[in-house]
Amino acid sequence: MRPTEATAFAPASSANLGPGFDLLGHSLEGWRDHATVRRIDAHDVRIEAIEGVVTALPARAEDNTAGAALIAMRSALALPFGFAVQLRKGIPLGSGLGGSAASAVAAVVAANALLDAPLPAEALYPFALDGEAVASGSRHGDNIAPALLGGLVAAFDPARAPPVRLRAPDWLFTAVVHPAVVLETRVARAALAEPYPIQNIVKQTHHLAALLLGLERDDEALVRQGLDDVLVEPRRAALIPGFAAVKRAALDAGALGSSISGAGPSVFGWFRGRAAAEAGGAAMQRAFADAGLATSLLVSPVAGPAAGLVDSQD
């Protein structure tokens, strides 16, 4: 007999990763969202409670990323029951760390455990994408896929191909510094509206190819060459106080590259080894402090964890 209630977590994630806009992302150790989902006889989805570091989120299921994901799941599977959801947010709002995606992923992973025939994780991807679209306005999976599957992922157009896990060398660590400001995804995407010169598009393509080859071949020089965003970062940098100094601090501390995590305002640097990431992250924090911003630091392997079930008391 299947359980009638389950709790799941989904990790924070860092997306875009320089040249991989709306394509690349990886999960992060540390911050995570939890969703407790209960089967109910009513044929609808209900958000019963929201607690944690963010509480001012929509209580109407259609407007909530977790609720919308479960509505999509119920509809696609023609389920004869509904869901009641309690969310515990551990990822700050508007942080560039995939908080909206994590809520959607945690909800569908928990609900999946309540099905008479649970689905493989990959099959939950479209439902979580429908949830993410509520927050960001589009079904991009560069936060959804790594939160769901773990590690470093290429999140292709779901109508064309499923997401693919990529190789991330075990020596590769990230330092992600989150300043205490909110930058909404919709605002950050609006900064990208103008056309781009073809020469910059070509350069970005070269950088993406170098990054992917470097990861596959365990080639630090290629990864370093590829971690350079000439399209999105220049448009968004002005939205993040002190960004140029923070990036310079990461590079001066030995980062292979540094850029904006997701839509921002968090900034990441990739390093060889945990100790280097911790030292580089501290330097990045000092640069943000010089801009008058308090920060939090996450240090994680790039091959971070996947979403999963947890004890309801965890």
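Residues numbered from 1 in each chain as written. Predicted model: local features only at pLDDT ≥ 70, side-chain atom pairs only at ≥ 80, totals over all residues. Heavy atoms only, no water.

Describing the overall build of the protein
The condition is simple: Helix and strand definitions here come from DSSP, where helices need a minimum of 4 consecutive H or I residues and strands a minimum of 2 consecutive E residues; each element is numbered from the N-terminal end. We compute the radius of gyration over the C-alpha atoms and compare it with the globule rule, which gives 2.2 Å times the number of residues raised to the power 0.38. Classification of residues uses two cut-offs on accessible area relative to the type maximum, computed with a 1.4 Å probe and protein chains only: under 20% is buried, over 50% is exposed, and between them is partly exposed. For this analysis, residues touch if any pair of their heavy atoms sits within 4.5 Å. Accessible areas in this description were obtained via Shrake-Rupley with a 1.4 Å probe; residue shielding takes into account the shown protein chains only. Just so you know, the count uses Lys and Arg for positive and Asp and Glu for negative, and it drops His and the chain ends. Where a charge lies is defined by one atom per residue type: Lys uses NZ, Arg uses CZ, Asp uses CG and Glu uses CD.
Scanning the protein from terminus to terminus reveals 10 helices and 11 strands. Relative to the compact-globule value of 20 Å for 314 residues, the protein shows a C-alpha radius of gyration of 19 Å, a close match. By principal-axis analysis of the C-alpha atoms, the protein measures approximately 60 × 40 × 40 Å. In the protein, which comprises 314 residues, the share counted as buried stands at 54%. Considering only contacts within the protein whose residues lie at least 6 apart along the sequence, 74% involve residues at least 24 apart. Element-wise, carbon and sulfur atoms account for 53% of the exposed surface of the protein, whose accessible area totals about 12700 Å². One finds the centroid of the 25 positive side-chain charges in the protein at a distance of 2 Å from the centroid of its 31 negative side-chain charges.

Let's talk about empty space enclosed by the protein
Put simply, the test is: Using a grid of 1 Å spacing that covers the protein atoms alone, one calls a set of points a cavity when a 1.4 Å probe fits there but cannot get out, and a pocket when the set is open and has protein on both sides within 12 Å along at least five of seven lines; lining residues are those with an atom within 4 Å of a point. Grid points are joined across faces, edges and corners, and a volume is the space filled by probe spheres set on the points. As a working rule, the residues Ala, Val, Leu, Ile, Met, Phe, Trp, Tyr, Cys and Pro are called nonpolar, Asp, Glu, Lys and Arg charged, and the rest polar, with Gly in that last group.
Here the structure, examined in full by the defined rule, presents 1 cavity of 30 Å³ or more. Considering only enclosed or pocket space, the largest cavity measures out at about 40 Å³ in volume. Lining the largest cavity, in full, are Asn16, Gly18, Asp229, Val232, Glu233, Arg236, Ser259, Ile260 and Gly262. Elements supplying a minimum of two residues to the lining of the largest cavity: α8 (233–236) and β8 (257–260). Across the lining of the largest cavity, the residue classes tally to 2 nonpolar, 4 polar and 3 charged.

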